[in-house]
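Each chain, letter by letter, is given below.
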Amino acid sequence: MSDLFSHPPLGSTAVRPSWEQLPGELRDFVAAHLGSTVATADVQSGGFSPGVAARLSLTNNDRVFIKAIRTDHVLAGKYRTEAETAGRLPSAAPAPRLRWHGMEADWVVLIFDDVDGRHPDLSPGSPDVSTVASALSDMAGLLTPSPLSGLPPASVSRVRLLYGWHDLAESPPHDLGDWEQLHLRALADLETLWGRHADGATLVHGDIRPDNLLITDGTAVVVDWAQPCQGAAWQDIADLIPHLIMAGHTPETAEKALTGLPSWDLAATEVMTSYAAAFAGYWTRMSRQPAPPGVPHLRSYQRRAAEAALAWTMYRTGW
Ligand SMILES: Nc1ncnc2c1ncn2[C@@H]1O[C@H](COP(=O)(O)OP(=O)(O)OP(=O)(O)O)[C@@H](O)[C@H]1O
Ligand SMILES: [Mg+2]
């Protein structure tokens, strides 16, 4: 767990353009669409994507949050998926309302209600832990059955993403940790089981991380609906565990924080152990990839996340 705590603080991981750097045509469109003038633009540096993310306050006292990316950017498809998803969420979902989305001046643009919130503190003893856990559990209930049709099943979209040991075992990197080396084959076997239990009737957010959560008015709001799928209800809440560990929990206290919540208790023991291994493999694999252009902090974040998910896997397997 060497560099677990040496990293840019949560909420300072993205390098994004300022409002003024955007094409004038785009800024004029947003102002005209909102029927006011932008007074201040507070660029949000949570997340990793190099797209625009800014809280705008307008001279008519309205406030909005805007996300935008060039249409030719490799991530533009994710922004479109987010627009399609956010625009169809039920109003009771703990998510900001999408006011408008479309294409303007070669940018994909999403305009949301502004959330005056902060990222949760998931460290031991923080009241945010139970706020977030119960919000995610309630969200799973609210989004079952999924109010959106046509989403990819988790057994396809998430399984395609959340694995790693299989590839690492094919050509083991020389600097892989001793424990990982020793258990590489077993980890490659273990990481597949959860995929056979991934499907279900729930709309799964699929990217639960503290920087995609905002605490406001004593409750948690979920943003960044860019990789949704339909799957088993335990996934979004289980995704908190590595982040609880990164915030200072032990695997044991992290799991205890979720015990008793219906969506957490749904998963069978061996499925959750496989899921922990899949996350550890995913982050170990991804953290070894070259950094994408304009995204300087992603790989170091993934290294820390891999350490947390490894700790969770060791705890669950007892290996
Ligand atoms: N509606 C909102 N109101 C206020 N702040 C928001 C809102 N939505 C998101 N934010 C803030 O902006 C940051 C970035 O937003 P978001 O997570 O949607 O983009 P991203 O992580 O760059 O997206 P992507 O995952 O597509 O790269 C969040 O971490 C959060 O702090
Ligand atoms: Mg995000």
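Colleague: Looking at this structure, how should I read the confidence of the model for the protein chain?
Modeller: Close reading of the predicted structure is inappropriate where its pLDDT is low. When pLDDT is averaged along the protein chain, the result is 93, and 95% of the positions lie at 70 or above. With pLDDT under 50 throughout, residues 1–6 is counted as low confidence; its partners more than four residues away or in other chains account for nine contacts.

Colleague: Help me out: how do you make sense of the coordination of the magnesium ion (ligand 2) in this one?
Modeller: Each pair of donors in an ideal four-coordinate tetrahedral metal site encloses 109.5 degrees, whereas pairs in an ideal six-coordinate octahedral site enclose 90 or 180 degrees. In this structure, N212 (OD1) and D224 (OD) serve as the protein donors to the magnesium ion (ligand 2), at separations of 2.1 Å. Taken together, the positions of N212 in the loop between β6 (202–204) and β7 (213–216) and D224 in the loop between β8 (219–222) and β9 (229–231) put the pair 12 residues apart, joining distant regions of the chain. The pair N212 / D224 is uniform in exposure class, with both members buried.

Colleague: Mind showing me how you'd approach the nonpolar core here?
Modeller: General note: in soluble globular proteins, nonpolar side chains tend to be found buried as a group. One finds L136, W165, W234, L240, W264 and Y275 to be the most contacted residues of the largest nonpolar core, which totals 69 residues. Viewed by domain, this core spans two of them, domain 1 (19–113) and domain 2 (128–317), each represented by three or more residues. Dropping the residues within four chain positions of it, W234 is found in contact with W194, H197, S263, L266, A267, V271, M272 and Y275. Membership of the second largest hydrophobic core comes to 17 residues, among which are L34, I66, A68 and I111.

Colleague: What is the right way to read the domain arrangement of the protein chain from this model?
Modeller: Where the parts come together, the accessible area they lose is often given as the size of the interface. Domain boundaries assigned for the protein chain yield domain 1 (19–113) and domain 2 (128–317). At the interface, 16 residues of domain 1 touch 23 residues of domain 2. Both faces combined, the contact of domain 1 with domain 2 buries some 1,700 Å², and carbon together with sulfur accounts for 71% of it. Broken down residue by residue, the surface that domain 1 buries against domain 2 is led by F48, R88 and P94, which jointly contribute 40%. Run the count over domain 1 and domain 2 and you get one salt bridge. We note a salt bridge from D224 to K67, for which the minimum N-O separation is 3.1 Å.

Colleague: I would appreciate a short explanation of the site of ligand 1 in the present structure.
Modeller: Taken together, 20 residues surround ligand 1, and among them R16, S49, K67, D211 and D224 come closest. The side chain of R16 places a nitrogen or oxygen atom 2.8 Å from an oxygen atom of ligand 1. In the environment of ligand 1, an oxygen atom lies 2.7 Å from a nitrogen or oxygen atom belonging to the side chain of D224. Computed on the free molecule, ligand 1 has an accessible area of 620 Å², of which 96% lies beneath the protein chains in the complex. Residue assignment for the shell around ligand 1 shows that the elements contributing at least two residues are β3 (63–70) and β5 (107–113). Residues that form the shell around ligand 1 fall into these classes: seven nonpolar, six polar and seven charged. Summarising the domain contributions, the shell around ligand 1 has at least three residues from each of domain 1 (19–113) and domain 2 (128–317).

Thresholds applied
- Residues numbered from 1 in each chain as written.
- Chains lettered and ligands numbered in written order.
- Predicted model: local features only at pLDDT ≥ 70, side-chain atom pairs only at ≥ 80, totals over all residues.
- Heavy atoms only, no water.
- pLDDT = per-residue confidence, 0-100.
- Contact = heavy atoms within 4.5 Å.
- Donors = N, O, S within 2.8 Å, 3.2 Å for Na, K, Ca; no water.
- Helix = DSSP H or I, 4+ residues; strand = E, 2+ residues; numbered from the N terminus.
- Buried < 20%, exposed > 50% of the residue type's maximum accessible area, 1.4 Å probe, protein only.
- Core = buried A, V, L, I, M, F, W, Y, C linked by side-chain atoms within 4.5 Å.
- Domains from an automatic or database assignment.
- Buried area = accessible area lost by both parts, 1.4 Å probe.
- Salt bridge = Lys/Arg side-chain N within 4 Å of Asp/Glu carboxyl O.
- Near = heavy atom within 4 Å.
- Polar contact = N/O pair within 3.5 Å; in protein donor to acceptor, adjacent residues only side chain to side chain.
- Areas by Shrake-Rupley, 256 points an atom, 1.4 Å probe, with all protein chains shown as cover.
- Nonpolar A, V, L, I, M, F, W, Y, C, P; charged D, E, K, R; others polar.

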